[in-house]
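# A closer look at the structure
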Amino acid sequence: HDNYEYTLSFYIKRGEILYLNSKWDESLAVFNEAIKKASSLYDRCRINGYKVTLYRMKNDLKTALTVGLQALEELGISLKKFPGEAEVKEEIEQINKLCDFKDTKQLYDLFELQDPLKLSAMILLTACFAPAYFLGSRLINIIGIRMSEITIKYGNNPYSSIGYIFLSSITLAGDSDRKSVV
């Protein structure tokens, strides 16, 4: 099989199997090969989503967050690892304007998200939450805001409730003053 060229699908499945068997370094090596073969933005996002999870499992939180934020950057979502308090407050003001609903049932009745790249963004944002949280970053606040914005603008999806939970936690608990530890 010297001439057999492995497909991207093969690499992804192999990386998943290695991940599920807790062979994280081997899985990362396979996903690093897969990313070289990925020609579409969607495929790169999928692979980077796995890599974020793998780095988190290895407790390499800084790398997990870096990989996730770089993948989000490719999707046009630019976020700082450690935003300042003023940036978070500005983001909260913006989302409050966007969320000026008379009835929360309007959120439930939103159309369904159709764009696979927006869904990829939701997955990556979810994956970035844990590293940001454990690194003590205020980014956790902005993650919930971005997820809620995507949902409101582009439609409900399986990750919408996670975004709303993150958003609710900062608006109800007033966690925007969380101090970065790094």
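Presented here is an overview of the structure given in this document. Quick caveat, the model's predicted, so the values are computed rather than measured. The numbering scheme is per chain: residues are counted from 1 as the chain's sequence reads. Local features in this predicted model are restricted to residues whose pLDDT is 70 or higher, and side-chain atom pairs enter the listing and the counts only when it is 80 or higher, whereas totals over whole chains, interfaces and linings include all residues. Side-chain calculation: all heavy atoms of the structure are included, whereas hydrogens and water are not.

Below, the discussion takes up the environment of Lys-58. When you line up the elements, Lys-58 lands in the loop between helix 3 (41-57) and helix 4 (61-74). In this structure the C-alpha to C-alpha distance between Lys-58 and Ala-127, which are 69 residues apart in sequence, comes to 14 Å. Contacts are residue-level and defined by heavy atoms, with any inter-residue pair within 4.5 Å sufficient. The residues touching Lys-58, leaving out its near neighbours within four places in the chain, are Trp-24, Asp-25 and Leu-28. The helix and strand labels rest on DSSP assignments: H or I over at least four residues marks a helix, E over at least two residues marks a strand, and numbering proceeds from the N terminus.

Our next topic: the pattern of salt bridges. Any Lys or Arg side-chain nitrogen located within 4 Å of an Asp or Glu carboxyl oxygen qualifies as a salt bridge. Tallying each qualifying case throughout the model produces eight salt bridges. Two residues, Arg-46 and Asp-43, come together in a salt bridge whose shortest N-O distance is 3.7 Å. With Arg-46 and Asp-43 both in helix 3 and three residues apart, the pair spans about one turn of that helix. With a closest N to O distance of 3.2 Å, Glu-149 and Arg-146 form a salt bridge. Placement of both Glu-149 and Arg-146 in helix 8 (residues 139-154) is noted, with a separation of three residues, approximately one turn of the helix.

Let us now look at the packing of helix 1 (residues 8-20) against helix 3. Helix axes use the C-alpha atoms of the stretch in contact, all axes being lines fitted to C-alpha atoms, and the angles between their N-to-C directions lie in the range 0 to 180 degrees. Axis separation between helix 1 and helix 3 bottoms out at 12 Å; the angle between their running directions is 15°. On the basis of their axis angle, the class for helix 1 and helix 3 is roughly parallel. Judged by the sense of rotation from one axis to the other, the crossing of helix 1 with helix 3 is left-handed. Mapping the contact onto sequence places Leu-8, Ile-12, Glu-16 and Tyr-19 in helix 1 and Asp-43, Arg-46, Ile-47, Tyr-50, Thr-53, Leu-54 and Met-57 in helix 3. Residues are grouped as follows: Ala, Val, Leu, Ile, Met, Phe, Trp, Tyr, Cys and Pro are nonpolar; Asp, Glu, Lys and Arg are charged; all remaining types, including Gly, are polar. Each residue belonging to the contact of helix 1 with helix 3 can be placed in one class, and the counts come to seven nonpolar, one polar and three charged. For classification purposes, angles smaller than 35 degrees are called roughly parallel, those larger than 145 roughly antiparallel, those between 65 and 115 roughly perpendicular, and all remaining angles oblique. Should the near helix be turned anticlockwise from the far one by less than a right angle, the crossing is left-handed, and should it be turned clockwise, the crossing is right-handed.

Within the largest apolar cluster, 30 residues are counted, with the highest numbers of intra-cluster contacts made by Leu-65, Leu-69, Leu-72, Leu-79, Leu-125, Leu-139 and Ile-143. Secondary-structure elements contributing two or more residues to this core are helix 4, helix 5 (85-98), helix 7 (116-134), helix 8 and helix 9 (160-173). Those residues within four positions of Leu-72 in sequence are excluded, and the remaining contacts are Ile-77, Leu-79, Ala-121, Leu-124, Leu-125 and Cys-128. Throughout this description, the term nonpolar core refers to a set of buried Ala, Val, Leu, Ile, Met, Phe, Trp, Tyr and Cys residues connected via side-chain atoms within 4.5 Å. Only protein chains enter the area calculation, which uses a 1.4 Å probe; residues under 20% of their type maximum are buried, those over 50% are exposed, and those in between are partly exposed. Counting residues in each nonpolar core, the second largest holds 16 residues, with Leu-28, Phe-31, Ile-47 and Leu-54 among its members.

Working definition: a ring pair exists when centres of Phe, Tyr or Trp rings (six-membered ring for Trp) sit within 6.5 Å. Plane angles under 30 degrees give stacked, over 60 give edge-to-face, the rest tilted. Tallied over the entire structure, the rule returns five aromatic pairs. Each ring, one from Phe-31 and one from Tyr-50, has its centre 4.8 Å from the other, and the planes form 10°; the classification is stacked. With Phe-31 in helix 2 (residues 24-37) and Tyr-50 in helix 3, this pair connects stretches of sequence that are 19 residues apart. A relative accessible area of 25% places Tyr-50 in the partly exposed class. With a centroid separation of 5.1 Å and an interplanar angle of 85°, the aromatic rings of Tyr-133 and Phe-134 are classed as edge-to-face.

It is worth spelling out the environment of Arg-138 at this point. Examined against the element boundaries, Arg-138 turns out to sit in the loop between helix 7 and helix 8. For the pair formed by Arg-138 and Val-88, sequence separation is 50 residues and the distance between their alpha carbons is 7.2 Å.

Before going further, it helps to examine helix 7. A turn of α-helix holds 3.6 residues, and therefore any two residues three or four places apart point the same way. For helix 7, which comprises 19 residues, the first-to-last C-alpha distance of 28 Å matches the rise-based estimate of 27 Å (1.5 Å per residue) to within 8%. What we call the bend at a residue is the angle made by axes fitted to the seven residues finishing there and the seven residues starting there. The sharpest bend along helix 7 reaches about 25° and sits at Cys-128, with the proline Pro-131 one to four residues further on. Turning to helix 7, its buried residues are Ser-120, Ala-121, Met-122, Leu-124, Leu-125, Ala-127, Cys-128, Phe-129, Pro-131 and Ala-132. Measuring from the backbone nitrogen of Leu-117 back to the side-chain oxygen at the start of helix 7 gives 2.8 Å, which picks out Asp-115 as the cap. Gly-136 sits one or two residues past helix 7 and shows a positive phi near 75°. Expected helix span is computed as 1.5 Å times (number of residues minus one). Throughout this description, a polar contact denotes any pair of N or O atoms lying within 3.5 Å of each other; where both atoms belong to protein, one of them has to be capable of donating a hydrogen while the other can accept it, and for residues adjacent in sequence the pair is counted only when both atoms sit in side chains.

By themselves, these are just geometric observations and shouldn't be taken as functional.
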